[in-house]
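Examination of the molecular architecture
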Amino acid sequence: MVNIDGKLVEDDKAILALNNRGYAYGDALFETIRVNSGTILFWEDHYFRLMASMRILRMQIPMGFTPEFLEKEIMNLIEKNELMNSSVRVKLIVNRISGGLYTPASNEIEYNISVAKLKSSFYTIADQIYEVTLFKDHYVATDLLSTLKSNNKLINILGGIFAEENSFDNCLLINSNKMIIEALNGNLFLIKGDVIKTPPLSDGCLRGVLRTQLIRILEKLPEYTVEEGSISPFELQKADELFITNVIAGIIPVTKFRKKEYNSKTSKRLLGVLNTRIRLGD
């Protein structure tokens, strides 16, 4: 069962019109949200990122589009799908209503919500090889639109195809200044000694919710120095660890890039801190 603009319908009866602007022009934003046993993780960050993104895209935010309203819509859908005691992946999509060509006839919006069950209640790290490479066929622009979670994900799609065809687990994306900004499905962190570095938003990386959470955690751990700075491909060869973050998987340690192999000691420790904060509701 899914939620189509406030109405619950069976999956096989959900209809998307051909003139839907999210489908026709990519005129849409989405949030991928994790819910553990009825608790939405990092909901405030998700909500305010969505609101900020809608304002940037000049979408008209309805008066009733409050965090309480959307939370209720999400939880009601989870309950109807009998997933209240499970970990759930929620996808919330907001698009401008149909009408117009490139220039919309209206800035009003509609939304839909879908859910899927996840396997694990908390974040885990699998002890397995996870090899990445650079995706150099296309570059990400270093502008504000690149930081949004929009429906325009062609570079990520092509990078995913490239990784699959060449037996890699993931690709790292590069911006127009030839700096590494993120992975296909999450933000990138690099560890060298006691310094943990992640690309800045000004380089064009996604404003990731778990990225925000980890920066907050790291700023409270005196043994580490956290930096937001550009990362060149050359720095990957000198790093002690690399890891990727997103709200569904948590922390994904990279074990290999070209001939360089990495450990995951700090990644595992940070994952433990993250899970503890989730359990305590911090």
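All of the points below concern the structure found in this document. Just so you know, these numbers come straight off a predicted model, no measurement behind them. (Residues numbered from 1 in each chain as written. Predicted model: local features only at pLDDT ≥ 70, side-chain atom pairs only at ≥ 80, totals over all residues. Heavy atoms only, no water.)

As for the packing of aromatic side chains
Summed over all chains, the structure comprises eight aromatic pairs. For the ring pair Phe65 and Phe69, a centre distance of 6.3 Å and an interplane angle of 40° mean the geometry is tilted. With relative accessibility at 29%, the residue Phe69 sits in the partly exposed group. Between Phe69 and Tyr111, the aromatic rings sit 6.2 Å apart at their centres with planes inclined by 90°, giving edge-to-face as the arrangement. One end of the pair, Phe69, is in helix α3 (residues 67-80); the other, Tyr111, is in strand β6 (residues 109-117), and 42 residues separate them in sequence. The exposure class assigned to Tyr111 is buried, which follows from its relative accessible area of 7%. Linked through ring pairs, Trp43, Tyr47 and Phe48 together constitute an aromatic cluster. One Lys or Arg, Lys91, reaches over the ring of Phe30 and ends 4.6 Å from the middle of that ring. (Phe/Tyr/Trp six-rings, centres within 6.5 Å; stacked < 30°, edge-to-face > 60°. Buried < 20%, exposed > 50% of the residue type's maximum accessible area, 1.4 Å probe, protein only. Helix = DSSP H or I, 4+ residues; strand = E, 2+ residues; numbered from the N terminus. Lys NZ or Arg CZ within 6 Å of the ring centre and 35° of its normal.)

Some details on α3
One full turn of an α-helix is made of 3.6 residues, so residues set three or four places apart face in the same direction. Under the 1.5 Å per step criterion, the end-to-end length of α3 is 20 Å for 14 residues, consistent within 8% with the ideal 20 Å. For α3, the complete set of buried residues consists of Leu70, Glu73, Ile74, Met75, Leu77 and Ile78. (Expected span 1.5 Å × (residues − 1).)

Focus: a nonpolar patch on the surface
On the surface, Leu154, Ile157, Leu158 and Ile161 cluster together into a nonpolar patch covering about 370 Å² of accessible area. Within the secondary structure, Ile161 sits in helix α4 (residues 154-165). (Patch = residues over 30% accessible without salt bridge, like charges linked within 9 Å, V, L, I, M, F, W, Y side chains within 5 Å. Areas by Shrake-Rupley, 256 points an atom, 1.4 Å probe, with all protein chains shown as cover. Salt bridge = Lys/Arg side-chain N within 4 Å of Asp/Glu carboxyl O.)

Topic: the sheet that holds β6
One open sheet accounts for six strands, arranged β2-β1-β6-β5-β3-β4; its pairing is antiparallel. The open sheet has two edge strands, β2 (7-9) and β4 (39-40), and neither has a second partner. Bridge analysis of strand β3 (residues 28-36) against β4 gives two bridges, and the strand direction is antiparallel. In the sheet register, Val35 faces β4, and the bridge partner there is Ile40. Packed on one face of the sheet, helix α2 (residues 43-56) meets β3, β4, β5 (87-96) and β6 and runs near 175° to β3. (Pairing = 2+ DSSP bridges. Contact = heavy atoms within 4.5 Å. Axes fitted to C-alpha atoms, helices over the stretch in contact; angles between N-to-C directions.)

Bear in mind that shape data such as this cannot, by itself, settle questions of function.
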